Amino acid sequence: FHDPTWCPPERNLLRKFYFEAKGQEWTNSTGWVGEYNSHCEWHGVECNDEVQVINLTLGNDGLSGRISDAIGDLRMLQTVDLRDNDLMGSIPSKIGHLLNLTSLILSFNEITGTVPPEIAN
């Protein structure tokens, strides 16, 4: 059963992000992965009129783990603000596929490695 009105693909991508960033330990995870609410109602998620995620604002929210590659499939993202958390690992190169991205804030985390060249495109 793959009806996108009942289970939008972006909801599943956000669920993957949640679990890889240890969402159960976040300071505020209101609504996240709730079975009966829209992903657009989840704390830190803002959607456009077409129910596509445009902003992900989870700064200083106790995120840890890593940034999921799934974030690169949220095609309409304009802003990603994950500052002041405990995220580790590298920046997923798939973020470079986000053609509408105008703001990527990852300061004050434990991120290692270099900035993927895909982000410069």
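Scroll up to find the structure this text is about.
Just so you know, these numbers come straight off a predicted model, no measurement behind them.

Below, the discussion takes up the pairing of strand 2 (residues 53-57). Counting buried positions along strand 2 yields four of five residues, so the element is predominantly enclosed. Examined bridge by bridge, strand 1 (residues 45-47) and strand 2 share three bridges and lie antiparallel to one another. Of the residues in strand 2, the one forming a bridge with Cys47 is Val53. Linking strand 1 to strand 2, which pair antiparallel, is a turn of five residues; within it Val51 sits at a positive phi near 65°. Strand direction decides the pairing type here: strand 2 and strand 3 (residues 79-81), joined by three bridges, are parallel. Considered in strand 3, the bridge of Asn55 is made with Thr79.

This part takes up the pattern of salt bridges. Side chains that carry opposite charge are capable of pairing whenever their charged atoms lie near each other. One pass over the full model with this rule turns up five salt bridges. Of the charged contacts in the structure, one is a salt bridge between Lys16 and Glu20, with a shortest N-O distance of 3.9 Å. With Lys16 and Glu20 both in helix 1 (residues 9-20), this residue pair falls four residues apart, about one helical turn. One continuous salt-bridge network, built from bridges that share partners, spans Lys16, Glu20 and Arg66.

The next subject is helix 1. The α-helix advances 3.6 residues per turn, and as a result positions three or four apart in sequence lie on the same side. Between its terminal C-alpha atoms helix 1 stretches 17 Å, which fits the 16 Å expected from 12 residues at 1.5 Å a residue. For helix 1, the full list of buried residues reads Glu10, Arg11, Leu13, Leu14, Phe17 and Tyr18. The arc enclosing the buried residues of helix 1, seen along the axis, measures out at 160°, which places them on a common side. Once helix 1 ends, the next one or two residues include Lys22, with phi positive near 55°.

The next point concerns the packing of aromatic side chains. Evaluation of the coordinates by the stated rule reveals seven aromatic pairs. Taking 5.1 Å as the distance between ring centres and 70° as the angle between the ring planes, the aromatic pair formed by Tyr18 and Trp26 counts as edge-to-face. Both residues of the pair, Tyr18 and Trp26, count as buried. Taken together, a centroid distance of 4.9 Å and an interplanar angle of 75° make the contact between Trp26 and Trp32 edge-to-face. When sorted by exposure, Trp26 lands in the same class as Trp32, which is buried. The structure contains a cluster of three or more aromatic residues connected by ring pairs, namely Phe17, Tyr18, Phe19, Trp26, Trp32 and Trp42.

This next bit is on the nonpolar core. A general trend in soluble globular proteins is that nonpolar side chains are found buried together. Counting 26 residues, the largest nonpolar core has Phe17, Trp32, Leu56, Ile71 and Leu82 as its most contacted members. Taken together, the elements giving at least two residues each to this core come down to helix 1, strand 1 and strand 2. Considering every element that reaches this core, the biggest residue donor is helix 1, with four residues. For Ile71, the contacting residues outside a window of four places in its chain are Phe17, Leu56, Leu77, Val80, Ile95 and Leu98.

Basis of the calculations
- Residues numbered from 1 in each chain as written.
- Predicted model: local features only at pLDDT ≥ 70, side-chain atom pairs only at ≥ 80, totals over all residues.
- Heavy atoms only, no water.
- Buried < 20%, exposed > 50% of the residue type's maximum accessible area, 1.4 Å probe, protein only.
- Helix = DSSP H or I, 4+ residues; strand = E, 2+ residues; numbered from the N terminus.
- Pairing = 2+ DSSP bridges.
- Salt bridge = Lys/Arg side-chain N within 4 Å of Asp/Glu carboxyl O.
- Expected span 1.5 Å × (residues − 1).
- Arc of directions from axis to C-beta.
- Phe/Tyr/Trp six-rings, centres within 6.5 Å; stacked < 30°, edge-to-face > 60°.
- Core = buried A, V, L, I, M, F, W, Y, C linked by side-chain atoms within 4.5 Å.
- Contact = heavy atoms within 4.5 Å.

That is the geometry; function is a separate question.
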